[in-house]
Amino acid sequence: MLTLAPEIEVLARFGRALADPIRCRLLLALREAPAHPSDLADRLGISRTRLSNHLACLRDCGLVVTVPVGRRVRYELADERLGRVLDDLRTAVVAVEADRTCPDADEKGCC
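Criteria and thresholds
- Residues numbered from 1 in each chain as written.
- Predicted model: local features only at pLDDT ≥ 70, side-chain atom pairs only at ≥ 80, totals over all residues.
- Heavy atoms only, no water.
- Helix = DSSP H or I, 4+ residues; strand = E, 2+ residues; numbered from the N terminus.
- Contact = heavy atoms within 4.5 Å.
- Disulfide = S-S within 2.5 Å.
- Buried < 20%, exposed > 50% of the residue type's maximum accessible area, 1.4 Å probe, protein only.

K.L.:
Give me the side chain of His54: which residues, what numbers.
P.N.:
By secondary structure assignment, the location of His54 is in helix α4 (residues 48–60). Not counting residues within four places of it along the chain, the set of residues in contact with His54 comprises Asp20, Ile22, Arg23 and Leu26.

The following block contains the structure:
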């Protein structure tokens, strides 16, 4: 049975998922269309074992779900709104990066 997570937990899970570039690439790939693990591994150029570990993390975070298709399983975003959220985050990050207001950003490696 699926339950709704509290707001803070949702943000923490999303942050955990986005903390790794491979998981980011997986989420963006699944934003485009649901896919089977073998197709995702080929598309991202990583081993199936490594892919499996990242997909397990995304499942545990509640961001992707599996859909049985015959004897295979397909992955997709758990909620279609996640695709829009990813688009909004990418746009916001670009906007922040373009407007670097911190005068010490280059020196300190922040912002």
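K.L.:
Outline the state of the cysteines, supporting the account with residue identities and numerical values.
P.N.:
All chains considered together, the criterion is met by zero disulfides. Free cysteine Cys61: the closest other cysteine sulfur is in Cys57, separated by 4.1 Å. Take Cys61: its relative accessible area is 5%, and that puts it in the buried class.

K.L.:
Outline the environment of Arg84, listing residues and values.
P.N.:
As for its position among the elements, Arg84 is in helix α5 (residues 81–98). For Arg84, a relative accessible area of 47% puts it in the partly exposed group. Distance from Arg84 to Arg31, taken between C-alpha atoms, is 8.5 Å for residues 53 residues apart in sequence.

Fair warning: the whole summary comes from geometry, so function is off the table for now.
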